[in-house]
Amino acid sequence: MRNLTPKIDIRGVSKSYPTDGGSVLALRSVDLAIEEGEFVSIVGPSGCGKSTLLYVVGGFLSAEGEVLVDGRRISGPGTDRGVVFQEYALFPWLTVRDNILFGLERRAMPQAERERQAERLIGVIGLKGFEHRYPRELSGGMKQRVAIARTMACNPDILLLDEPFGALDSQTREVMQDELLRLWLDMRKTVLMITHDVSEAVYLSNRICVMSARPGQIVEEFKIDLDRSQPRETLFLSEAFNRVRNEVWLSVRRQAVEHAGQHAA
Amino acid sequence: MPPSLRPLRWAWRVVPLLIFGALWHLLSHSGLVDPAFLPDPPKILAALIDLLRGPQIADNLAITLFRAFTGLVLGGIAGVWIGLMMARSDKFRAYVTPIVGGTYSLPKSALIPLFILWFGIGSVTAICAVFLACLLPMIVQTFHGVRATPQVLVWSAEAMGYSQRDILRRIFLRHALPDIMTGLRIALGFSFVLAISAEMIASTSGIGKLIFMYGENGAYDYMFAAIGCVVVVAFLSDRALLALTASILRWHESAVAESH
């Protein structure tokens, strides 16, 4: 039987920021329902307010409208929603191990169990031997692995990813995308990801929402139905992948062009 | 530089001091100034040896250090607290900013006569002067460090279930620590200046009083010897604080620059 309550239900969310010349509308009446275990990406022209939407779902920003998680209205940040930011957001004064332990500290378990979990997560992200390094001693890819491990340590139902691989070079980005895909296929958490990389969105998501230029609204949705068990190369070279990739790309492009047109006029 | 040449590097650091001493000596014997007012280095050295044999220097220095460090610690704690509150509470900042801004450029030693009226001659007056002087750099540095905390660090901790109280201590204060240590270094310098100034004006003990007394009595060789002791102690305190800072800020970017 299908669960009728969506995992995340975004209802009529609008957000405006005060500026010197009045207020700027970042989001206009966004509606989006995400089922449990779904991987949804939001793509759109830069500055369209897609990160703002993620921060509203995270409970970091207040907005008009409401966001429901498991049918309950959220009123602030919560451990049910784990966040990974583009700029890693590691605590620079803590080592790899202590950053992960920081995520585990609030969970109800004995200290010995926390330490075991930290060991396990360090192994999962392949950073054995780097436990006692500080973030400044790590590469971008390593930092993002630690950030993901720290978020997983809290065992959230929902992962909110804010352009998680945007700051990485293209090779590292591909490796990290594969790792995230593997992790998601294993754990089937509900994921909401913000990205500006259309291929990344198609490769990882079940569903892609295209957002318009500011004020952001969801203007088009694409269901992605690809066989994720195929290796990356096969998928990227397949006709099905490229067809949907092109459709999404054209949709994003239309939004960007319209926006530029508005500004020229 | 290869290890065998390390002692040479130390020698090079001493050279400017030797040149300074030589110039002092020449000036003292040049006839331009009365040598009674500017005793030559050998005389000062003799006075120093004489002073170090007796208890005056050690006893008075201990008193001065007690006053300086008490004021520094109290001013440091209060300054961090006020700086943190100013950074996190708009209401608090609105009340405190005019007071901080108004007293920022005020020479704190100007308030010593007032403290004498309130607290009399002695340690309390000196500690109060040091406290006030240390307070402002600590407030300004803490405020700056807390305000510069990246929003995503705070949000990350919130999403992990940490309370605002935990976040104040474990995110904002931790992030401000490098700035707080900078403030502490500035405050350390102020603490010596104010402790000694206060002792010169309003005390019966302390190294400041000793220097003042030798000056009054025309014992300039002893006066310079006592000043030399203060310089050495102040320099060593500063080095000790730097070493402490380097060891607790190993995670910080500045640690990279120092290790290379």
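## Side note on the overall build of chain B
Link 1 in the chain: Tallying secondary structure elements over chain B gives 11 helices and zero strands in all.
Link 2 in the chain: Its helices and strands in sequence order give chain B the pattern α-α-α-α-α-α-α-α-α-α-α, from N to C terminus.
Link 3 in the chain: Seen through its principal axes, chain B has C-alpha atoms that stretch 75 × 60 × 35 Å.
Link 4 in the chain: Classification of the 260 residues of chain B by burial places 37% in the buried group.
Link 5 in the chain: Taking as baseline every contact in chain B between residues at least 6 positions apart, the subset at least 24 positions apart corresponds to 72%.

## Comments concerning the nonpolar core
Link 1 in the chain: Counting 133 residues, the largest nonpolar core has A129(B), V130(B) and A226(B) as its most contacted members.
Link 2 in the chain: Among the elements that make up this core, the one with the highest residue count is helix 8 (residues 164-202) of chain B (16 residues).
Link 3 in the chain: Split by domain, this core shows at least three residues from each of two domains, domain 1 (1-80 + 160-265) and domain 2 (87-155) of chain A.
Link 4 in the chain: When near neighbours in sequence (up to four residues on either side) are disregarded, V130(B) contacts R67(B), A68(B), G71(B), L72(B), G75(B), S191(B), L194(B) and A195(B).

## What to know about helix 8 of chain B
Link 1 in the chain: The end-to-end C-alpha distance of helix 8 of chain B, which contains 39 residues, comes to just 45 Å, noticeably less than the 57 Å that a straight helix rising 1.5 Å per residue would cover.
Link 2 in the chain: Most pronounced at L177(B), the bend in helix 8 of chain B amounts to some 55°, and the proline P178(B) follows within four residues.

## Some remarks on the interface of chain A and chain B
Link 1 in the chain: Every contact between the two is made by 19 residues of chain A and, on the other side, 12 residues of chain B.
Link 2 in the chain: Put simply, the parts of the chain that give the side of chain A that touches chain B at least two residues each are strand 6 (81-84) and helix 2 (96-104) of chain A.
Link 3 in the chain: With three residues, the single largest contributor to the side of chain A that touches chain B is strand 6 of chain A.
Link 4 in the chain: Its residues placed into classes, the side of chain A that touches chain B shows 11 nonpolar, four polar and four charged.

## Description of the domain arrangement of chain A
Residues and elements named next belong to chain A.
Link 1 in the chain: Partitioning chain A into domains gives domain 1 (1-80 + 160-265) and domain 2 (87-155).
Link 2 in the chain: Between the C-alpha centres of domain 1 and domain 2 there is a distance of 26 Å.
Link 3 in the chain: Counting from both sides, the interface comprises eight residues of domain 1 and, opposite them, six residues of domain 2.
Link 4 in the chain: Broken down by class, the residue content of the side of domain 1 that touches domain 2 amounts to six nonpolar, two polar and no charged.

## A word on the packing of helix 5 (residues 112-119) of chain B against helix 6 (residues 123-147) of chain B
All names here are of chain B.
Link 1 in the chain: At a minimum axis distance of 9 Å, the contact between helix 5 and helix 6 shows a crossing angle of 140°. Of the possible angle classes, the one that applies to helix 5 and helix 6 is oblique. Of the two possible hands of crossing, helix 5 and helix 6 adopt the one that is right-handed. Contacts between helix 5 and helix 6 involve I112, F115, I116 and F119 from the first element and V124, T125, C128 and A129 from the second.
Link 2 in the chain: In the contact of helix 5 with helix 6, the residues fall into seven nonpolar, one polar and no charged.

Parameters and conventions
- Residues numbered from 1 in each chain as written.
- Chains lettered and ligands numbered in written order.
- Predicted model: local features only at pLDDT ≥ 70, side-chain atom pairs only at ≥ 80, totals over all residues.
- Helix = DSSP H or I, 4+ residues; strand = E, 2+ residues; numbered from the N terminus.
- Buried ≥ 20, exposed ≤ 12 C-beta atoms within 10 Å, placed from the backbone.
- Contact = placed C-beta atoms within 7 Å.
- Core = buried A, V, L, I, M, F, W, Y, C linked by C-beta atoms within 7 Å.
- Domains from an automatic or database assignment.
- Expected span 1.5 Å × (residues − 1).
- Bend = angle between axes of the 7 residues up to and from the residue.
- Nonpolar A, V, L, I, M, F, W, Y, C, P; charged D, E, K, R; others polar.
- Axes fitted to C-alpha atoms, helices over the stretch in contact; angles between N-to-C directions.
- Parallel < 35°, antiparallel > 145°, perpendicular 65-115°, else oblique.
- Left-handed = near helix turned anticlockwise from the far one by under 90°.

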